[in-house]
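Here's the letter readout for the chains.
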Amino acid sequence: MEGKWTGFFDRIKQKGKNQWLIFLLLGALLLVIALPMDSGQEEKAAAETELFLQQEDQGKEAELEKKLEDLLKSVEGVGNVKVALTLKSDGRKTVEKDTSATEHSTTEKGSDGNETLSKESALDEETIYQRGADGEESPYVVETKEPEILGVLVAAQGGDDPRVAAMITEAAEALFGIEAHRIKVMKMN
């Protein structure tokens, strides 16, 4: 067995430095190719970011309804009140992303002697996360847009009084920035 290893080491000593460098580079290239691409983790991070944003927006409609109900209950003549909102959109949060662009161009010479230049470019995005006091990571939100409200329905005990209905309509117009024809006030039983 010792003879086999001696012959192997003799062959290694005979190789030049350039050949060793080539073997080393080929080995590194094979190692890089053999490593699995981790696109699954990128997809998982994008899904987690989307879930985080959806969870924060789910309570926005109920929060706005409750805010208007509490406000209207304190107005004279309104009485007990229930509010329903119709949203066009739940709002939008923009998360910070780290973007990097790569471009690769190649020149090929065809059989007719003409050169063809081809360019490939890729845009990579990675979500930026922030760590809270509890150590939990969440996407870093750069901008928050409020939900778009399509309509408001208010059922109030004083809804049959035109003066009270006008006050409720004006309050909803001012609070949500929508037109009066998108607000309906009704008398509550």
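- In the nomenclature of an unreviewed UniProt entry, the protein is known as Stage III sporulation protein AG of Candidatus Limivivens merdigallinarum.

### Regarding the pairing of strand 8 (residues 148-156)
Alright, step 1. Across 8 bridges, strand 1 (residues 81-89) lies against strand 8 in antiparallel orientation. Pairing of Ser89 across the sheet is with Glu148, part of strand 8.
Alright, step 2. Here strand 8 runs beside strand 9 (residues 183-187); their pairing, made up of 5 bridges, is parallel. Among the inter-strand pairings, Val154 is bridged to a residue of strand 9, identified as Val185.
Alright, step 3. In this fold, the crossover linking strand 8 to strand 9 by way of helix 5 (residues 162-176) has right-handed handedness.

### Observations regarding the environment of Ile183
Alright, step 1. Within the fold, Ile183 resides in strand 9.
Alright, step 2. Among the residues examined, Ile183 registers a relative accessible area of 9% and is labelled buried.
Alright, step 3. Discounting residues that sit within four places of it in the chain, Ile183 has contacts with Val152, Thr169, Ala172, Glu173 and Ile178.

### A look at the sheet that holds strand 9
Alright, step 1. Spatial strand order, 1-8-9: 3 strands in an open sheet with mixed pairing. What marks the edges here is a single partner per strand, and that holds for strand 1 and strand 9. On average, adjacent strands in this sheet sit at an angle of 15° to one another, irrespective of strand direction.
Alright, step 2. Across the face of the sheet, helix 4 (residues 60-73) comes into contact with strand 1 and strand 8 while running at roughly 145° to strand 1.
Alright, step 3. The sheet strands contacting helix 5 are strand 1, strand 8 and strand 9, and the helix crosses strand 9 at an angle near 145°.

### Describing the packing of helix 4 against helix 5
Alright, step 1. For the pair helix 4 and helix 5, the least separation of the axes is 11 Å and the interaxial angle reads 140°. Judged on the interaxial angle alone, helix 5 and helix 4 are oblique. Helix-helix and strand crossings are classified by hand; for helix 4 and helix 5 the assignment is right-handed. Contacts between helix 4 and helix 5 involve Leu64, Leu68 and Leu72 on the former and, on the latter, Ile168, Ala171, Leu175 and Phe176.
Alright, step 2. Taken together, the residues of the contact of helix 4 with helix 5 break down into 7 nonpolar, no polar and no charged.

### Focus: a nonpolar patch on the surface
Alright, step 1. On the surface, a cluster of nonpolar side chains totalling about 520 Å² of accessible area is made up of Ile22, Phe23, Leu26, Leu29 and Ile33.
Alright, step 2. Structurally, the position occupied by Phe23 is in helix 2 (residues 17-34).
Alright, step 3. Residue Phe23 is classed as partly exposed on the basis of its relative accessible area, which comes to 48%.

### Some thoughts on the pattern of salt bridges
Alright, step 1. This model, assessed by the stated rule, comprises 4 salt bridges.
Alright, step 2. A salt bridge links Lys66 to Asp70, with the shortest nitrogen-to-oxygen separation between them at 3.1 Å. You can see Lys66 and its partner Asp70 sitting in helix 4, 4 residues apart, about one turn around the helix.
Alright, step 3. For Lys66, a relative accessible area of 43% puts it in the partly exposed group.
Alright, step 4. Overall, Asp70 belongs to the partly exposed group, its relative accessible area being 38%.
Alright, step 5. Note that Glu179 and Arg182 form a salt bridge whose closest N and O atoms lie 3.0 Å from each other.
Alright, step 6. Residue Arg182 is classed as partly exposed on the basis of its relative accessible area of 35%.

Definitions and limits used
Residues numbered from 1 in each chain as written. Predicted model: local features only at pLDDT ≥ 70, side-chain atom pairs only at ≥ 80, totals over all residues. Heavy atoms only, no water. Pairing = 2+ DSSP bridges. Helix = DSSP H or I, 4+ residues; strand = E, 2+ residues; numbered from the N terminus. Right-handed = clockwise from strand over helix to strand, strands pointing away. Buried < 20%, exposed > 50% of the residue type's maximum accessible area, 1.4 Å probe, protein only. Contact = heavy atoms within 4.5 Å. Axes fitted to C-alpha atoms, helices over the stretch in contact; angles between N-to-C directions. Parallel < 35°, antiparallel > 145°, perpendicular 65-115°, else oblique. Left-handed = near helix turned anticlockwise from the far one by under 90°. Nonpolar A, V, L, I, M, F, W, Y, C, P; charged D, E, K, R; others polar. Patch = residues over 30% accessible without salt bridge, like charges linked within 9 Å, V, L, I, M, F, W, Y side chains within 5 Å. Areas by Shrake-Rupley, 256 points an atom, 1.4 Å probe, with all protein chains shown as cover. Salt bridge = Lys/Arg side-chain N within 4 Å of Asp/Glu carboxyl O.

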